[in-house]
Amino acid sequence: MKIQTYYNHIRFYTPHHFVYYPVLTVFLVFSIYFAFTTNDCLIWSFISVVFVFLFFLAYMLRQHYALILQNRIVRLELRYRYFTLTEKRLEEFEHKLTDDQIFALRFAPDDEILPLLEDALKNNLSGNAIKKAIIHWRADYNRV
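Residues numbered from 1 in each chain as written. Predicted model: local features only at pLDDT ≥ 70, side-chain atom pairs only at ≥ 80, totals over all residues. Heavy atoms only, no water.

Can you tell me about the overall build of the protein, naming the residues and giving the values?
Within the protein one finds 5 helices and 0 strands. When its helices and strands are written in sequence order, the protein yields α-α-α-α-α. Radius of gyration (C-alpha) of the protein: 22 Å, far over the 15 Å computed for a compact globule of 144 residues. Considering only C-alpha atoms, the protein reaches an extent of 70 × 35 × 25 Å along its principal axes. Of all 144 residues assigned to the protein, the portion counted as buried reaches 31%. When contacts within the protein are restricted to residue pairs at least 6 apart in sequence, those whose partners lie at least 24 apart make up 69%. (Helix = DSSP H or I, 4+ residues; strand = E, 2+ residues; numbered from the N terminus. Rg over C-alpha atoms; globule rule 2.2 N^0.38 Å. Buried < 20%, exposed > 50% of the residue type's maximum accessible area, 1.4 Å probe, protein only. Contact = heavy atoms within 4.5 Å.)

Now the structure itself:
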């Protein structure tokens with residue numbers, strides 16, 4: 001398996017990104033084309049609107065279900081790791097961290113997470129800045 005870094009940590013789901021969306025795009029383009037070039041403009045316009053709705057619905061459902069669950073799991077993982085390393089609860093100051101910061105900290109190994117956490121709290125580092133500050137990237141191959 002390829003070593004994960006800041007530059008290659010984005011994942012694609014082949015059936016969704018490279019099959020479903022391209023097929024839906026082709027159907028949408030053809031339905032718009034037929035809406036302007038045939039006598040049945042009304043039905044093809046309706047079909048085009050249905051395809052646009054399917055795009056929106058597929059994107060929103062995919063994002064909503066997967067990301068809500070993933071966000072909860074990442075928070076729990078960070079709480080567990082913090083407790084394991086310090087025997088203190090992260091919940092005492094977790095509200096001071098943004099979601100972006102919490103999600104970036106998951107890539108930090110145990111020996112880097114505490115200094116990065118302190119730096120994030122003290123200097124209000126962005127998630128992107130936290131990711132770039134990680135020296136030994138802790139891969140997360142199980143993200144959605």
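Past the structure itself, the notes keep going.
Provide a residue-level description of the nonpolar core, including the pertinent values.
With 20 residues, the main nonpolar core has L105, L117 and I130 as its most contacted residues. For L117, the residues in contact, after removing those within four places along its chain, are Y82, L90, F93, L97 and L105. Listed in part, the 6 residues of the second largest apolar core include Y21, L24, L28 and A58. (Core = buried A, V, L, I, M, F, W, Y, C linked by side-chain atoms within 4.5 Å.)

Help me get a handle on helix α2 (residues 41–86), residues and values and all.
With 46 residues, α2 extends 66 Å between its outermost C-alpha atoms, agreeing within 8% with the 68 Å of an ideal straight helix rising 1.5 Å per residue. Among the residues of α2, S48, F51, F55, A58, A66, Q70, V74, L78, R81 and Y82 are the ones counted as buried. Where α2 is buried, its residues contact α1 (14–37), α3 (99–105) and α4 (110–123). One or two steps after α2, the chain reaches E87, where phi turns positive at roughly 60 degrees. (Expected span 1.5 Å × (residues − 1).)

Which residues make up α1, and what values do they have?
Along its 24 residues, α1 runs 33 Å from first to last C-alpha, staying within 8% of the 34 Å computed at 1.5 Å per residue. Considered for burial, the residues of α1 that qualify are H16, Y21, L24, L28, S31 and A35. Buried residues along α1 sit against α2.

Report on the environment of D140, specifying residues and quantitative values.
Secondary-structure assignment places D140 in the segment after α5 (127–133). On a C-alpha basis, the gap between D140 and K96 in space is 24 Å, while along the polypeptide they are 44 residues apart. Ignoring anything within four residues of it in the chain, the contact list for D140 reads Q4, R106 and F107. A polar contact of 2.9 Å, which involves the side chain of D140, links it to the side chain of R106. (Polar contact = N/O pair within 3.5 Å; in protein donor to acceptor, adjacent residues only side chain to side chain.)

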